[in-house]
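Coordinate inspection notes
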Amino acid sequence: MVNVVVNGIGTIGKRTAEAVKKQDDMTLRAISDVSQNGGLRTVLKEKGALHGTDLYASNEDGKENLESQGFHVEGVLEELIEAGEVDVVIDATPPGIDKANKENLYEPNGVKAIFQGGADPEIAPVAFNADANYEKAEGKDFVKVVSCNTTSLSRTMSAVDEAFGVEDAVANLVRRGGDIPQDGRGPINSTIPVTEVPSHHGPDVQAVMPDLDIKTLAVKVPVTYGHVHMVTANLEENVSEQDVLEAFDSQPRVRLIEAEDGYDSTGKVHEMMRDLERPRSDMPEAGVWKETVTVEDGTAYWIHMVHQEAIVVPENVDAIRAMFEMEDKETSIEMTNEALEIE
């Protein structure tokens, strides 16, 4: 059993902690933070998903702060790590803080760590996506799980690339303005282009799939549930639309969505997740609209959506197994999907 701590219980941290808790081969030893945020109080309540989990403070100031807010704090994270009770930390703290944690806490104590998409690219030697490059994380001490957009592109592109080969690709991203509880973010009544062309998402995908020639453009819009990607990929083989659909269908974390069944918008996909009683209406899969998959003269086109709050959660779990060389890629993905009820 691998002892796991999740440091930073925000949008990603709380979901990842809950996911770790559901695995049979790892233990959620504790969570840590510095103040109430991301629903920390809610998830620790009697009916909360993390009820009974030990709460530690990320540092001494955080301990004082949490206790002043009425939380019972077991101690400071450094004490738990120095006691040898932690094998790996999933660090979901803000950029900059994660780097300081690595340098001052994880490295000196010989503890492995997993960082999130907002972290500096140099923070870890591997930019991780379970399907695309699981093996590169095997035995590593530090891994960065790439961002939600990069995760979705890595999943869909790897499915097509492994089946047929991709010569080059262009992806146009329509990005949500903020997560549902981020009521201080925008835009409002505006579409904001990312004026850096190509946007950073292409190079981020190449950190996972270095041989892939991909360019990305992005805009930000005033919505909260999900990004949408419009992808054009020139293939090395002449294939049919059915071939591409089968490649997506065989990818264990790509979900084919049928607009003709009534799921013709991100809002309606959100409602589908609610009706399926998914926790928090989360969709960890990348959702490809089936009707958009088109192939003409060796070029494939598709549109997919990304639930930004949930898509990277299973990747964090698989990263643990890779770093400790616990299972091969296919077995780990299957175990994680089963535990999280990903269809």
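The structure we're discussing is the one just above.
Before going into details, it helps to say that this report is about the structure given with it.

**Comments concerning the nonpolar core**
Across soluble globular proteins, you tend to see nonpolar side chains buried next to one another. Of all hydrophobic cores here, the largest spans 44 residues; its most connected members are Ile31, Phe128 and Ile320. Top contributing element to this core by residue count: helix 11 (residues 313-323), with six residues. If near-sequence neighbours (up to four positions away) are discounted, Ile320 is found in contact with Val2, Val4, Val20, Met26, Val88, Ile90, Ile114 and Met326.

**Things to note about the pairing of strand 7 (residues 142-145)**
Of the two faces of strand 7, the one holding Phe142 and Lys144 and the one holding Val143 and Val145 are both buried throughout. Note that strand 6 (residues 126-128) and strand 7 share three bridges and pair parallel. The residue bridging Phe128 from the neighbouring strand is Val145, located in strand 7.

**Concerning helix 8 (residues 201-208)**
Restricting attention to buried positions, one finds in helix 8 the residues His201, Gly202, Val205 and Val208. Seen along its axis, helix 8 keeps its buried residues to an arc of 110°; they face one direction. In this fold, the buried residues of helix 8 make contact with strand 6, helix 6 (130-133), helix 7 (148-164), strand 8 (166-176) and strand 10 (214-221).

**Quick notes on empty space enclosed by the protein**
Counted by the stated rule, this structure contains one cavity of 30 Å³ or more. Looking at the largest cavity, its volume works out to about 30 Å³. In terms of lining residues, the largest cavity is bounded by Ala130, Asp131, Arg155, Gln251, Pro252, Arg253, Glu315 and Ile333. The residue inventory of the lining of the largest cavity, partitioned by class, reads three nonpolar, one polar and four charged.

**Re the layout of surface pockets**
In this structure, the largest pocket spans a volume of roughly 1,200 Å³. Surrounding the largest pocket, 48 residues form its lining, Ala92, Thr93, Pro94, Pro95 and Gln116 being those nearest its centre. Taken together, the elements giving at least two residues each to the lining of the largest pocket come down to helix 1 (11-21), helix 4 (77-82), helix 5 (97-106), helix 7, strand 8 and helix 8. No other element matches helix 5, which puts six residues into the lining of the largest pocket. Considering only residue class, the lining of the largest pocket consists of 15 nonpolar, 21 polar and twelve charged. In this structure, the second largest pocket spans a volume of roughly 320 Å³. In this structure, the second largest pocket is lined by 18 residues; those nearest its centre are Lys22, Pro279, Asp282, Pro284 and Leu340.

**Some details on the packing of helix 1 against helix 11**
Put simply, helix 1 and helix 11 touch, their axes get as near as 9 Å, and they point 50° apart. Considered as vectors, helix 1 and helix 11 are oriented oblique to each other. Regarding helix 1 and helix 11, the two cross each other, and that crossing is right-handed. Together, Arg15, Thr16, Ala19 and Val20 of helix 1 and Val313, Asn316, Val317 and Ile320 of helix 11 make up the contact between the two elements.

**A short note on the environment of Leu153**
Here Leu153 shows up in helix 7. For Leu153 and Ala286, which are 133 residues apart along the polypeptide, the C-alpha to C-alpha distance reads 8.6 Å. Sequence-distant contacts of Leu153, that is, excluding residues within four places in its chain, are made with Ser158, Ala171, Val205, Thr216, His229, Val231 and His304.

**Remarks on unusual backbone geometry**
Put simply, Gly186 and Pro187 share a cis peptide bond, and its omega is 10°. Looking at the element boundaries, Pro187 is found in the loop between strand 8 and strand 9 (192-193). Residue Pro198 follows Val197 across a cis peptide bond; omega there is -5°. Notably, Arg280 is not glycine yet its phi reads approximately 60°, a positive angle. Inspection of the secondary structure puts Arg280 in the loop between helix 10 (266-275) and strand 13 (286-289). Note on Arg280: relative accessible area 34%, which makes it partly exposed.

About the cut-offs
Every chain is numbered on its own, with residues counted from 1 as its sequence reads. Thresholds applied to this predicted model are a pLDDT of at least 70 for local features of residues and 80 or more for the giving and counting of side-chain atom pairs; totals over whole chains, interfaces and linings are not thresholded and use all residues. Side-chain metrics in this entry use all non-hydrogen atoms of the structure; hydrogen atoms and water are not considered. In plain words, nonpolar cores are sets of buried Ala, Val, Leu, Ile, Met, Phe, Trp, Tyr and Cys residues tied together by side-chain atoms within 4.5 Å. Exposure classes here rest on a 1.4 Å probe applied to the protein chains alone. A residue is buried below 20% of its type maximum, exposed above 50%, and partly exposed in between. Only DSSP runs of H or I covering at least 4 residues are called helices, and only runs of E covering at least 2 are called strands; the numbering of each starts at the N terminus. Two residues qualify as a contact provided that any one of their heavy atoms is within 4.5 Å of a heavy atom in the partner residue. Two strands form a pair only when DSSP identifies at least two bridges running between them. Taken from the helix axis, the directions to the C-beta atoms give the arc we talk about. Cavity: a set of points on a 1 Å grid over the protein atoms alone where a 1.4 Å probe fits but cannot get out. Pocket: an open set with protein on both sides within 12 Å along at least five of seven lines, its lining residues, like those of a cavity, having an atom within 4 Å of a point. Grid points are joined across faces, edges and corners, and a volume is the space filled by probe spheres set on the points. Note on residue categories: nonpolar means Ala, Val, Leu, Ile, Met, Phe, Trp, Tyr, Cys or Pro, charged means Asp, Glu, Lys or Arg, and polar means any other residue, Gly included. Axis geometry follows a simple rule: fit a line to the C-alpha atoms, using only the stretch in contact for helices, then measure angles between N-to-C directions, giving values from 0 to 180 degrees. By definition in this entry, angles of less than 35 degrees are roughly parallel, angles greater than 145 are roughly antiparallel, angles of 65 to 115 are roughly perpendicular, and the rest are oblique. Note: crossing handedness is left-handed where the near helix turns anticlockwise from the far helix by less than a right angle, and right-handed where it turns clockwise.

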